[in-house]
Amino acid sequence: MISFVDPLISNYTVVDFRNKAVSIIEEIFSRKKIPIIVGGTNYYIESLLWKVLIDTKPETLFENTSSLNAAAVVDHTGEESITLDRKAELEKLDSQELHRQLSEVDPEMAARLHPHDKRKVARSLQVFEETGIPHSQLLHQQRVEEGGGPLGGPLRYENPCIFWLTAAQAVLDERLDKRVDEMLTLGLLEELQEFHRRYNEQKLNENSQDYQHGIFQSIGFKEFHEYLTVGDSCPESTRAELLQRGIESLKQVTKRYARKQNKWVRNRFLQRPGANIPSVYELDATDVSQWELKVLAPALSIINSVIKGEKPVFDPLKTEESQKGQPENKHSWHTCDTCGKVIIGDREWRAHLKSKGHLHHVRKRRKLDCEAQSAEQDSSTTPSGCATDSSKKLEDNHTKTEASCPV
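Model, not experiment: these values are computed from the prediction.

**Let's talk about the confidence of the model for the protein**
And step 1. Here the protein averages 79 in pLDDT, and 80% of its residues register 70 or above.
And step 2. When mean pLDDT is taken per element in the protein, helix α8 (residues 169-185) scores highest with 96 and strand β1 (residues 70-74) scores lowest with 35.
And step 3. Every residue in residues 58-84 is under pLDDT 50, and counting partners more than four places away or in other chains gives 38 contacts.
And step 4. Every residue in residues 384-407 scores below 50 in pLDDT, and together they form 17 contacts with partners more than four places removed in sequence or on other chains.

**As for unusual backbone geometry**
And step 1. A positive phi angle is found at Lys-32, which is not glycine, with a value near 60°.
And step 2. Unusually for a residue other than glycine, Asn-159 sits at a positive phi of about 50°.
And step 3. Following the sequence through the fold, Asn-159 ends up in the loop between α7 (135-143) and β3 (161-166).

**Looking at the pairing of strand β5 (residues 333-336)**
And step 1. The two faces of β5 differ: His-334 and Cys-336 on one face are buried, but Trp-333 and Thr-335 on the other face are not.
And step 2. Examined bridge by bridge, β5 and strand β6 (residues 341-344) share 4 bridges and lie antiparallel to one another. Counterpart to Cys-336 in the pairing with β6 is Lys-341.
And step 3. Here β5 folds back onto β6, and the loop between the two strands holds 4 residues, one of which, Gly-340, carries a positive phi near 70°.

**Side note on the environment of Arg-266**
And step 1. Structurally, Arg-266 can be placed in helix α11 (residues 236-270).
And step 2. With relative accessibility at 42%, the residue Arg-266 sits in the partly exposed group.
And step 3. Spatially, the C-alpha atoms of Arg-266 and Thr-319 are 8.8 Å apart, while their sequence positions differ by 53 residues.

**Let's talk about the environment of Val-288**
And step 1. Inspection of the secondary structure assignment puts Val-288 in the loop between β4 (279-284) and α12 (291-308).
And step 2. Separated by 121 residues in the primary sequence, Val-288 and Ala-167 have C-alpha atoms spaced 9.8 Å apart.

**What to know about the pattern of salt bridges**
Between side chains of opposite charge, a pair can form as their charged atoms come close.
And step 1. Taken as a whole and judged by the stated rule, the model has 14 salt bridges.
And step 2. Salt-bridge contacts for Glu-89 lead to Lys-92; the nearest nitrogen and oxygen are separated by 3.3 Å.
And step 3. A salt bridge links Arg-259 to Asp-173; the shortest N-O distance between them is 3.0 Å. With Arg-259 in helix α11 and Asp-173 in helix α8, the pair connects residues that are 86 residues apart, well separated along the chain.
And step 4. On the basis of relative accessibility, which here comes to 15%, the residue Asp-173 falls in the buried class.
And step 5. Overlapping salt bridges, with partners in common, bring together Glu-97, Arg-100 and Glu-104 in one network.

About the thresholds
- Residues numbered from 1 in each chain as written.
- Predicted model: local features only at pLDDT ≥ 70, side-chain atom pairs only at ≥ 80, totals over all residues.
- Heavy atoms only, no water.
- pLDDT = per-residue confidence, 0-100.
- Helix = DSSP H or I, 4+ residues; strand = E, 2+ residues; numbered from the N terminus.
- Contact = heavy atoms within 4.5 Å.
- Buried < 20%, exposed > 50% of the residue type's maximum accessible area, 1.4 Å probe, protein only.
- Pairing = 2+ DSSP bridges.
- Salt bridge = Lys/Arg side-chain N within 4 Å of Asp/Glu carboxyl O.

Below, the structure is given as structure tokens:
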């Protein structure tokens, strides 16, 4: 996307990508060829595999360019045009107000989304505003289509297969670190400085920079924010320190993202509920000297079998049920009175109950309850009788109270 979307356009979405990519895929099919999608961001690949996204009406231009919903951008020809980004405008609202508005027009969707998840709440509101139909109703229509499932509509294409290239974690981490070093050698800093000068410097001067939308949220730019924005009067030693800090941050974030991508494959492909799951073949790329034997040859063999309509000699990974027995509800609403939090989803709720933060609040609450019970017992004890016996009873009572306090 970096090569054809203007960096100042922040409202280019996965729907735009899907529409562009699908047209290219169809053109490749028309030539009797097989499209190969390489990536990348699995969320975008998922939008191509399944019919899971909601189309809203085409954006229109406001005649009044001062409209709050209009943002001026400059295209590649230098012409100024007006684009709409209603979702970004909605995200500027307070989280509670945003969620309240969604509750009024689509209570089912509001019940599924956390009030603090502004992006998803804003998207659902945008869908309703632009279609006049609740987001939850559109999603339900997708699921009831033939081949649909709990996570959306049916597969878009027949017999897709996924090659998942994996590597031992230590080997992968080393490769990712070397990749960053190679990017630096090939001129990453010069590219960042030029990009900052052309697209980011003015936004910073106007205090309008936003690292949460568009190209500016991508890995490899915001990690060098301090280095790129430091003044000319900054000592060279400080500048070098900021540069090194940016490099280490980029390496760390890149490795974290790789782990997230692998987790996405497991959770969204291998544990996806329903029958419309493409075959996922794991290819071990740990040892690149064995590439032809362990990656290329198996991949070609699988592809040839799929083309011929035959069963590949290599077995795909087995899909798993996310939870044995009763299916897991990913949209259930849980309120933790102890922590004062709202948790969405059965799995997230179980994880919260085991978290250090929750257990800390439970212990703290237990201690306060025990102290309150002990103080109440102290105030109700009569002064008559043997002092030694009274103290012994209070100690026994406190011990029993502590033992009976819920964990």
